[in-house]
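# Structural description and commentary
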Amino acid sequence: MTFTCPVCSSNDYEEENGHYFCTECGTQSQELIVQQVDESSQIHTRYEVRTEKATSVKPKSDLGRPWTIYEAYQFIILAQADSFIKLGLPESFKETVFMIWANYLSKLGVAFCKKEKVVPNIITKMRVGRLRELHRGTMDYPLNRHKRPFLETENKPPEGTELGLHDEEFYEDDVPVTKTTDNIVFVNEDDDSDVDVVYVNCKKKQNHESRYAQASHSPEWMNMKKTIAICYIGVMLTRPDILPYDVVRWVYESKVPFLSCTHLLPSDMVLSAGDQALFETGHFDSKVFIKELNKILVYLDLKNLPTPELRFLITRFTRELNLPEEIATVSIRLTEMIPFCSTAKNKLFKRIDVPAMSYIILAVKLVFGLNDSLEWKLSEYSSAAQELGLGSKLFIWSEWKRFMIQKCANEFVAYRELTSNITHSRLSRLDQLLECYAATDPDKKRLTTCFTLNVNQRPVRCYEQEFKEAMRKPLEIALDRYYSSVKFNEDTTHACDVDWSKQGEKFQKATICHIIKFQEFKEKTSSGETDSKLNQIHAKYNLPVREITQYERVSDAEHLSSNRHESYMWFLNLASQTIDCSPLGLDKLVVIFVKYLVEKSKGHDMVGIKCSNFGFIEARVSK
């Protein structure tokens, strides 16, 4: 009986230590065995017996059909568009996203054009990508039918060149080195005892990594982050008041499918081993999101997209920070005094939320000083005036800061919890954290097939049920600790159940008129009895004239914390966390605004000055 190798179809085998190996490719046979036969006279004789082992017939794997990555991402973009519609966008949003997606595919040349191709030019040029698209199969047999090439021409030197040591073939008795195309051989000639041979199989690997890195940075390289970017372009055209950090927040709250999306694909789109990387998201925040967004905008040459107004964002951020409405009024007044114009080059999307928050920081700095002294003196003054029962709720900085610290420490934020180390999470939030993980639908995640979709049919290790149960054990142990041994005091339990939005309304409705317009406040609130007492309190604290501290610009975060007041740094970090941006970028813009005000107060003509969100001034100050 003839036995055929399942890999190379060779019929020639070689026996070694009781096992048979194919002489062509070295694959061990599962059909040929060696048996010891016990005959008469108790003499053991060794026979080579070729028998076919009784093996169970394995069911044929469902290989699905040939599909491209753009087809898979189209299903995901469709699901993301539906989720945005559920979040309040109109039904026409889906058509807008489809037009953007169609323009992107047309620019790539893979669809909606005269000469369609399976892969874009960047993939063909860099020779990296999905093998099932570079070497397509058929509907009946969707394997890529592509073997790793080992061409004899690669082993031959160019004509007209002399053979060196790296080109010469050695026999076993000469040097224990065989010639390969991928390996570079180094011989230690200084050592007289043994010849040290180091195999460095990195030249080809480095070339592949370099080509892959160059391709992945191109806007033609499609990934999961670009699916959200394409949807957000439609959001900008439909609802420009939605900001990038809103989308990031929705992603981690599982309101927009992104962290786990393979369950959205049809069943006939079978995943192979390498396809899992197509749906990996990696680190995702506003900075990464805007970077991918700008790639798409530049590639599609989309300009003059609508952006939200500064006044709208200032009012919104003031409310989110639970600051009085009068702070928003002061901030809007500053926008009229200090012009802003972004000068970011090669970026069509410019963050408007950063300058809006910078105006708020400047307004708070003008009112409360934030110099570790004036804000506390104003708190004492506000507390003493509040005791007079003037009928108006006064804004007290110390009480507001204490409230915001408690809110940040106890409020559950899915984005912050899912992107931080789980060991740093409080056990009081464990139930919410588990609900947040469950909302990402990890159980619906599609796994790869039991065979890779190529001619070698190599097995792939999949996530089995035991593995899932093992991954669940640490969380179950933490839950047992939470319910059995850990006891929380009443304050901690109460802090987790607080409705922070309602608690913050009392600060939003408070007034700072007694600080910025004392005479007007006294006329509106005080009567004959309280008028003299309010004057006494105001005279007692002898509030100094508010002078804004002018900081010098710094280039890194380390120098930022060491050259700023503690109160200012705390509020700066709070503002940066609110809109998911860098504190350094906010500080640079605040420094520019302060310098503008100082120069303007000296009587300088500031016409033509443009402030950039990167901290640069584009015009000279004219006297």
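All values derive from a computational prediction rather than experimental measurement. (Residues numbered from 1 in each chain as written. Predicted model: local features only at pLDDT ≥ 70, side-chain atom pairs only at ≥ 80, totals over all residues. Heavy atoms only, no water.)

## Concerning a nonpolar patch on the surface
Residues Phe98, Met99 and Phe112 make up a contiguous nonpolar surface patch of roughly 320 Å² in combined accessible area. Examined against the element boundaries, Phe98 turns out to sit in helix H2 (residues 93-108). Its relative accessible area of 42% is what places Phe98 among the partly exposed residues. (Patch = residues over 30% accessible without salt bridge, like charges linked within 9 Å, V, L, I, M, F, W, Y side chains within 5 Å. Areas by Shrake-Rupley, 256 points an atom, 1.4 Å probe, with all protein chains shown as cover. Salt bridge = Lys/Arg side-chain N within 4 Å of Asp/Glu carboxyl O. Helix = DSSP H or I, 4+ residues; strand = E, 2+ residues; numbered from the N terminus. Buried < 20%, exposed > 50% of the residue type's maximum accessible area, 1.4 Å probe, protein only.)

## A word on the packing of helix H1 (residues 69-86) against H2
The geometry of H1 relative to H2 is characterised by a closest axis approach of 9 Å and an angle of 155° between their N-to-C directions. Between H1 and H2, the interaxial angle falls into the category roughly antiparallel. Between H1 and H2 lies a crossing of right-handed hand. Residues Tyr70, Tyr73, Gln74, Ile77, Leu78, Ala81, Asp82, Phe84 and Ile85 of H1 form the contact with H2, whose own contacting residues are Phe93, Lys94, Val97, Trp101, Leu105 and Leu108. Among the residues making up the contact of H1 with H2, the classes are represented as 12 nonpolar, one polar and two charged. (Axes fitted to C-alpha atoms, helices over the stretch in contact; angles between N-to-C directions. Parallel < 35°, antiparallel > 145°, perpendicular 65-115°, else oblique. Left-handed = near helix turned anticlockwise from the far one by under 90°. Contact = heavy atoms within 4.5 Å. Nonpolar A, V, L, I, M, F, W, Y, C, P; charged D, E, K, R; others polar.)

## Some details on the packing of helix H12 (residues 353-368) against helix H24 (residues 566-579)
Between H12 and H24, whose axes approach to 11 Å, the crossing angle comes to 155°. As summarised for this structure, H12 and H24 are arranged roughly antiparallel, according to the angle between their axes. You can see that H12 and H24 cross each other, and the crossing is right-handed. Contacts between H12 and H24 involve Asp353, Val354, Met357, Ile361, Val364 and Lys365 from the first element and Tyr568, Phe571, Leu572, Ala575, Thr578 and Ile579 from the second. When its residues are assigned to classes, the contact of H12 with H24 shows nine nonpolar, one polar and two charged.

## Some thoughts on the side chain of Asn223
Mapping Asn223 onto the fold places it in the loop between helix H6 (203-216) and helix H7 (224-238). Look at Asn223 and you get buried, because its relative accessible area is 17%. A polar side-chain atom of Asn223 sits 3.0 Å from the main-chain amide nitrogen of Lys226. Other than its neighbours up to four places away in sequence, Asn223 contacts Tyr73 and Glu292. (Polar contact = N/O pair within 3.5 Å; in protein donor to acceptor, adjacent residues only side chain to side chain.)

## Focus on the environment of Ile76
Within the fold, Ile76 resides in helix H1. The class for Ile76 is buried, based on a relative accessible area of 0%. When the C-alpha positions of Ile76 and His263 are compared, they lie 9.6 Å apart, and in sequence the two are 187 residues distant. Apart from the residues lying within four places of it in its own chain, the contact partners of Ile76 are Met224, Cys261, Leu264 and Phe279.

## Re unusual backbone geometry
Of note, the phi angle at Phe112 is positive, near 55°, even though the residue is not glycine. With a phi close to 55°, Asp301 is a non-glycine residue in the positive phi region. Its place among the elements puts Asp301 in the loop between helix H9 (286-300) and helix H10 (310-320).

## Details of helix H11 (residues 325-337)
Across its 13 residues, H11 extends 19 Å between first and last C-alpha, which sits within 8% of the 18 Å expected from 1.5 Å per residue. Turning to H11, its buried residues number three or more, namely Ile327, Ala328, Ser331, Ile332, Leu334 and Thr335. Each buried residue of H11 lies within a common arc of 155° when the element is viewed along its axis, so the set occupies one face. (Expected span 1.5 Å × (residues − 1). Arc of directions from axis to C-beta.)

## As for the confidence of the model for the protein
It should be kept in mind that the predicted coordinates are not to be read in detail where pLDDT is low. Predicted confidence across the protein gives a mean pLDDT of 75, with 67% of residues reaching 70 or more. Ignoring residues within four places in sequence, the model shows residues 39-57, a span with pLDDT below 50, making 29 contacts including any to other chains. (pLDDT = per-residue confidence, 0-100.)

## A closer look at the nonpolar core
Formed by 70 residues in total, the largest nonpolar core has its most connected members in Phe368 and Phe571. Setting aside residues no more than four positions away along its own chain, Phe368 makes contact with Ile327, Leu374, Glu375, Leu378, Phe395, Trp397, Ile512 and Ile515. Grouped together as the second largest cluster of nonpolar side chains are 61 residues, Leu89, Met224, Cys231 and Leu271 included. (Core = buried A, V, L, I, M, F, W, Y, C linked by side-chain atoms within 4.5 Å.)

## Observations concerning the pattern of salt bridges
Scanning the entire structure with this criterion turns up 17 salt bridges. Taking the shortest distance from any N to any O, the salt bridge between Asp301 and Lys303 comes out at 3.8 Å. In this structure, a network of salt bridges that share partners links the residues Asp246, Arg249, Arg316 and Glu320.

## Quick word on the pairing of strand E2 (residues 19-22)
Judged by which residues are buried, E2 turns out to be one-sided: Tyr20 and Cys22 face inward and are buried, whereas His19 and Phe21, on the alternate face, are not. Note: strand E1 (residues 13-16) against E2, four bridges, orientation antiparallel. Residue Glu15 lies in a different strand from E2, and its bridge partner there is Tyr20. (Pairing = 2+ DSSP bridges.)

## Digging into the side chain of Lys522
Among the secondary structure elements, Lys522 is positioned in helix H21 (residues 518-525). Lacking a salt bridge, the buried Lys522 has Asp531 as its closest oppositely charged neighbour, with an N-O distance of 4.1 Å. (Lys, Arg positive; Asp, Glu negative; His and termini not counted.)

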